[in-house]
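# Coordinates in review
One-letter residues, chain by chain:
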Amino acid sequence: MLIFWGYPDNYLDNQSKVAFQQIDEALRASQPAKKESQLRQVALTGLDMLLHDRRNDNSEAFHRFINSRLNDMLADMKKPVKRGMKIYKSYNDGFIVKTKKATVAIDLVPGGPKDNPFITDSIIYAIADCCDAMFITHAHGDHANLRIAKAFAEKGKMVIVPKGLWTDIDPNIRQLLDADTAVTVPFDEIGLNLQILPGHQDDMYNNIYVMNFKGAGTVAHTGDQYNEEDLAWIDDIHNHYKIDVLLLNCWVNSLERTIRGFGPKVVITGHENELEHTIDHRESYWMTRKKMEKINVPNILMTWGEWYNF
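Residues numbered from 1 in each chain as written. Predicted model: local features only at pLDDT ≥ 70, side-chain atom pairs only at ≥ 80, totals over all residues. Heavy atoms only, no water.

## Looking at the sheet that holds strand β6 (residues 173-175)
With respect to topology, seven strands assemble into an open sheet ordered β6-β5-β4-β3-β2-β1-β13, the strand pairing being mixed. Only two strands of the sheet have a single partner each, and these edge strands are β6 and β13 (306-309). Strand after strand, the sheet turns through a mean of 20° between neighbouring axes, direction not considered. Here three bridges tie strand β4 (residues 133-135) to strand β5 (residues 158-161), and the two strands are oriented parallel to one another. Paired with Phe135 across the two strands is Ile160, which belongs to β5. (Pairing = 2+ DSSP bridges. Helix = DSSP H or I, 4+ residues; strand = E, 2+ residues; numbered from the N terminus. Axes fitted to C-alpha atoms, helices over the stretch in contact; angles between N-to-C directions.)

This is how it looks when you write it as structure tokens:
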């Protein structure tokens, strides 16, 4: 028998357990799509509310929710992709792109404190094992994790990082040598041509990755791009690359202009509900939906452990 009178924390703890479970069930019943169902919109808004209550940040219910979803993502990653691309969303701005020949991770992190990460080591390292390479956009801890980078490097998998991050760690952890010029890195063995564009978050180097998976599609990941001066050359990106899917940080400056510059067929936003941010900077799914209302490009709004077939 549950007793709540006089025990408000016990009440709220049990309420969050029920809410996380029901939201998970609703999201599984209504998968990511160009046109969101009403059920999915309500579920994501409910998740926003739970994740803007700090009491849930390290709760058992939250950990169960995210790890269950990432475990399902891992199981699906082990299935072959016959054509096109499958794009998975991990925690925060972490994405995995899988094609028939290649599986690459961008900004893969476990989230949370080092002694109690949101995603368990067993799941995060198993995801890394499924990948051929990893690309890191910039040096912030919610995008760059040295333990995971070393796990890739020790298995002979290339890790591309921005200039100045993790110097002389491992020959498989490769820096952008000239941070002011676009760089091409061929991954011929997995049918990938990687272009690295010199973006910034304010003054910090922030690699923008344009990944041409030959015959499957082209994906761009912006990391935490946020710099007014860069907009001058971002305006022209669509004249040089044919972007199918843009993986965009939801709080990028000049959202409409940035999207117009890349000219993608589909936008998938990241960085919603980063729990290491303050409440006012935990951008919610409803905020992203509001921002995208006036933009004439489909937005696939995804949460952790979900995927979209392009």
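Structure's up, so let's keep going.
## Some remarks on the environment of Ile268
Along the chain, the position of Ile268 falls in strand β12 (residues 266-270). As for Ile268 and Glu36, which are separated by 232 residues in sequence, their C-alpha atoms are 13 Å apart. Sequence-distant contacts of Ile268, that is, excluding residues within four places in its chain, are made with Ile87, Phe95, Val245, Leu246, Leu247, Leu248, Asn299, Ile300, Met302 and Tyr308. (Contact = heavy atoms within 4.5 Å.)

## Some remarks on the pattern of salt bridges
Applying the stated criterion across every chain yields a total of 19 salt bridges. Notably, a salt bridge pairs Asp72 with Arg28, separated by 2.3 Å at the nearest N-O pair. Of the two residues, Asp72 sits in helix α3 (residues 60-77) while Arg28 sits in helix α1 (residues 8-29), which places them 44 residues apart along the sequence. Assessed through its relative accessible area of 36%, Arg28 is described here as partly exposed. (Salt bridge = Lys/Arg side-chain N within 4 Å of Asp/Glu carboxyl O. Buried < 20%, exposed > 50% of the residue type's maximum accessible area, 1.4 Å probe, protein only.)

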